[in-house]
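The chain contents come next:
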Amino acid sequence: MATTKASTKGLNDLFHGTLKDIYFAEKKILATLPKMAKAAQNPNLKAAFEKHHGQTKEHVTRLEEVFEVIGKKPAGKTCAAIMGITKEGNEIIEEYKGAAALDAGLLAAAQAVEHYEISRYGTLRTWACELGLTEAVNLLDLTLAEEKETDAALTELAESAVNVAAEAA
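It should be emphasised that the depicted structure is a prediction, and the values quoted were computed from it without experimental measurement.

Caption draft 1: Region of the structure containing the nonpolar core. Grouped together as the largest cluster of nonpolar side chains are 46 residues, with contacts concentrated most on Phe15, Phe49, Leu106 and Leu140. Elements represented by at least two residues in this core include exactly helix H1 (11-39), helix H2 (43-69), helix H3 (80-96), helix H4 (102-130) and helix H5 (134-168). Tallying contributions element by element places H4 first for this core, with 13 residues. Discounting residues that sit within four places of it in the chain, Phe49 has contacts with Leu33, Met36, Ala37, Ala40, Leu106 and Ala110.

If you want it as structure tokens, here you go:
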């Protein structure tokens, strides 16, 4: 029977790896949001994407500060989840171009991104707290709050206008 050697990796390593994951994701989102804004037909949805693009720039800067807190160079690690979510968003743009349901699909894709980010930032914040990284906790808290606000704003927009317009067509 083969024995397996226990890994020496700990929570610090997991925190760093997940930080690299969300850093990659935020950079990918920065590149994707302008395309989504351009495709959006509803002016409020377009504005929401543009606003979140500006916030995402700040999120990248905060992540770079968290890397500094842990003494690591900012670097991304390919995030398969965000690659899949953004691929789905691109497929919606292609499949529904000009259709009344386009904005509903774009909004749903954006919320998939937000939910992923909320999950990652919540986890990182908890781990930073457990690791005693108070400055990182504060930075991650700011971003987590903004991601939750964006998700709530998108839900409101979906329920008040975008989904209604898609259904009425």
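Caption draft 2: Representation of H1 within the structure. Its 29 residues place the ends of H1 41 Å apart at the C-alpha level, agreeing with the 42 Å of an ideal helix rising 1.5 Å per residue. Its axis deflected by about 30° at Thr32, H1 carries its strongest bend there, up to four residues before the proline Pro34.

Caption draft 3: Examining the packing of H4 against H5 more closely. Two elements in contact, H4 and H5, have axes separated by 9 Å at closest approach and are oriented at 160°. Between H4 and H5, the angle falls in the class roughly antiparallel. The crossing of H4 and H5 is left-handed. Considering only residue class, the contact of H4 with H5 consists of 17 nonpolar, 7 polar and 8 charged.

Parameters at a glance
Residues numbered from 1 in each chain as written. Predicted model: local features only at pLDDT ≥ 70, side-chain atom pairs only at ≥ 80, totals over all residues. Heavy atoms only, no water. Core = buried A, V, L, I, M, F, W, Y, C linked by side-chain atoms within 4.5 Å. Buried < 20%, exposed > 50% of the residue type's maximum accessible area, 1.4 Å probe, protein only. Helix = DSSP H or I, 4+ residues; strand = E, 2+ residues; numbered from the N terminus. Contact = heavy atoms within 4.5 Å. Expected span 1.5 Å × (residues − 1). Bend = angle between axes of the 7 residues up to and from the residue. Axes fitted to C-alpha atoms, helices over the stretch in contact; angles between N-to-C directions. Parallel < 35°, antiparallel > 145°, perpendicular 65-115°, else oblique. Left-handed = near helix turned anticlockwise from the far one by under 90°. Nonpolar A, V, L, I, M, F, W, Y, C, P; charged D, E, K, R; others polar.

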